[in-house]
Amino acid sequence: MAERMKWIDVIMPQLAESLVSATIGKWLKKPGDRVEQYEPICEVITDKVNAEIPSTVEGIMGDLLVEEGTTIAVGEPICRMQVAASDEDTAEQVTPPASQEHQVQQTQGQREAIQSPAAASNAATFDPNQPMRNRYSPAVQSLAAEHGLNLQHIQGTGAGGRITRKDVLAYVAQGGQTNASTTSVQSSVAANQVTQSTSSPFSGIRDTSVTTGTAASNGGSGQSILASDAGVPVRHSGIHLTESPKIPQIEVEGGGQGRSEYFIDVTPVRNAIARNMRQSVSEIPHAWTMIEVDVTNLVMLRNKLKDEFKRKEGINLTYLSFMMKGVVNAIKDYPIMNSVWAVDKIIVKRDINLSMAVGTEDSVLTPVIKQADQRNIAGLAREIDDLARKTREGTLKLDHMQGGTFTVNNTGSFGSILSQPIINYPQAAILTFESIVKKPVVINDMIAVRSMANLCLSLDHRILDGVICGRFLQRVKENLEGYNMETKVY
């Protein structure tokens, strides 16, 4: 006896308390694929980090209800799955709900009304080997409407013979649009006049597109259609009527027309960065200050320890770990630096959670080292290496991005000697560690060559003033200049 099955909706989970929506970045499973419990089915992009959505059940992937690149609210369905039915679910079978069956039958009937008699007879024939042949997703219907295609002429490669978006695009690329017959277009115009009040897979076709296509087939000039001139490149926005934008791509326009520019669509991560940066500079009155630090002893200490540390730990002993230790000890002396503005009060955080700015090719993320004040220099070095690696590999979790109270940025790693950072909202300050440069310095009325570095601090002037920030920077300077050859990293 065959196992009874049922259909369930998979919804967008709430990955974090403050998360209200997420963008589908990539589907890892296709319709018809077998899905194990806890196996990732898709990648999502949030304001903070990319994550994988695991399946909570075991079954077979069904319809993908959300296209890649579409933002979906928490709690909304993203796909359907076919799972084993329990004894209580005997009423539910493998077949789709009655409402969907009615919709499919209605869609088939409307397609038959706009096809030629031969095509209609073919459409009426049901192929048991392709049970999904006549089921179309909104994206497929929109594409067909945009290009004026008859879906019955397209071979489906999806599960059960279903036509996918890639099938439609491939058909268009092979000249399917230009090969459409005049008869079918004219018959569709007549059918639309009769069935205007009903919805169909071709309800999105505008009258102007049909009229223009008819004029072109009758030998008209067709000059009003930009796409009719093969020599003129057309900018494609990626939006198909009601279809949501896809994952952004770089698009070069007018390469042969003498234009000296190209367009880069904004990715969801870049859009989140833009929104957060604008919020920071709009709400926080930034102030900026800098101090110069002699890190000669630190350079010699690191050179002494780095090789042995590399053999023992398998990671690099970076200057940033020493820098963070100096910052953490200074925050202990000036806890107001570890605070947040809350309109009618200032909230001082007890835990010192350092956010670390990590740059990738197309974004900047700030993973958090939790309770940094409880770690030694070696522990900080391990956390820095682990979080930086996960950031560049794209394996950060949302928990890695939350809870930061103070941000440190190692801008010196790419040669910067001076910067004016934007505060990581809603924190009170951000500190950058600039490049170490050898300079002539006067010491006891004598000139010596020393390794010097700048520390740049941006502060929230609602919370902090020049006096407290000057003292804080002076304490960080003392901590960094206090390292010597006897300093322990464990």
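This is a predicted model, so every value here is computed, not measured.

Engineer: Before we go on, may I ask you to explain the pairing of strand 8 (residues 77–84) in this structure?
Structural biologist: In summary, the side chains of a regular strand alternate between the two faces of the sheet. With respect to burial, strand 8 is a largely interior element, 6 of its 8 residues being buried. Looking at chain direction, strand 1 (residues 5–11) and strand 8 are connected through 7 bridges and run antiparallel. Note on strand 8: the bridge partner recorded for Asp-9 is Arg-80. Here 3 bridges tie strand 6 (residues 59–64) to strand 8, and the two strands are oriented antiparallel to one another. By the bridge assignment for strand 8, Leu-64 is matched with Cys-79.

Engineer: Would you mind going over the pattern of salt bridges with me for this structure?
Structural biologist: Pairing between side chains of opposite charge can happen when the charged atoms of each approach one another. Taken as a whole, this structure holds 16 salt bridges when the rule is applied. Its salt-bridge partner being Glu-39, residue Lys-29 comes within 2.7 Å of it at the nearest N-O pair. Residue Lys-29 is located in the loop between strand 2 (21–27) and strand 3 (34–35), and its partner Glu-39 is located in the loop between strand 3 and strand 4 (40–45); the two are separated by 10 residues in the primary sequence. A relative accessible area of 13% means that Lys-29 is categorised as buried. Residue Glu-39 is classed as partly exposed on the basis of its relative accessible area, which comes to 24%. In this structure, Glu-292 and Lys-439 form a salt bridge, with 3.2 Å as the shortest nitrogen-oxygen distance. Placement of the pair is Glu-292 in strand 11 (residues 286–294) and Lys-439 in strand 20 (residues 437–443), with a sequence separation of 147 residues.

Engineer: Any chance you could explain helix 4 (residues 165–173) here in plain terms?
Structural biologist: Along an α-helix, residues three or four positions apart point the same way, because every turn accommodates 3.6 residues. Those residues of helix 4 that sit buried are Asp-167, Val-168 and Val-172. Seen along its axis, helix 4 keeps its buried residues to an arc of 135°; they face one direction. Looking at helix 4, the residues exposed on the side facing more than 90 degrees away from the buried face are Lys-166 and Ala-173. In the stretch just after helix 4, Gly-175 is the one whose phi turns positive, near 90°.

Engineer: Help me out: how do you make sense of the sheet that holds strand 3 in this one?
Structural biologist: By way of backbone hydrogen bonds, the strands of a sheet pair with one another, either parallel or antiparallel. Strand order in this open sheet of 4 strands is 1-8-6-3, and the pairing throughout is antiparallel. Edge positions in the sheet fall to strand 1 and strand 3, since each has one partner strand and no second.

Engineer: Would you mind going over the sheet that holds strand 5 (residues 50–54) with me for this structure?
Structural biologist: Pairing is antiparallel across the open sheet formed by 4 strands, whose spatial order is 5-4-2-7. In this open sheet, the two strands that pair with only one neighbour each are strand 5 and strand 7 (71–73). When the angles between neighbouring strand axes are averaged without regard to direction, this sheet yields 45°. Bridge count for strand 2 against strand 7 is 3 bridges, and the pairing is antiparallel. The residue bridging Ala-22 from the neighbouring strand is Ile-72, located in strand 7.

Procedures and definitions
- Residues numbered from 1 in each chain as written.
- Predicted model: local features only at pLDDT ≥ 70, side-chain atom pairs only at ≥ 80, totals over all residues.
- Heavy atoms only, no water.
- Buried < 20%, exposed > 50% of the residue type's maximum accessible area, 1.4 Å probe, protein only.
- Helix = DSSP H or I, 4+ residues; strand = E, 2+ residues; numbered from the N terminus.
- Pairing = 2+ DSSP bridges.
- Salt bridge = Lys/Arg side-chain N within 4 Å of Asp/Glu carboxyl O.
- Arc of directions from axis to C-beta.
- Axes fitted to C-alpha atoms, helices over the stretch in contact; angles between N-to-C directions.

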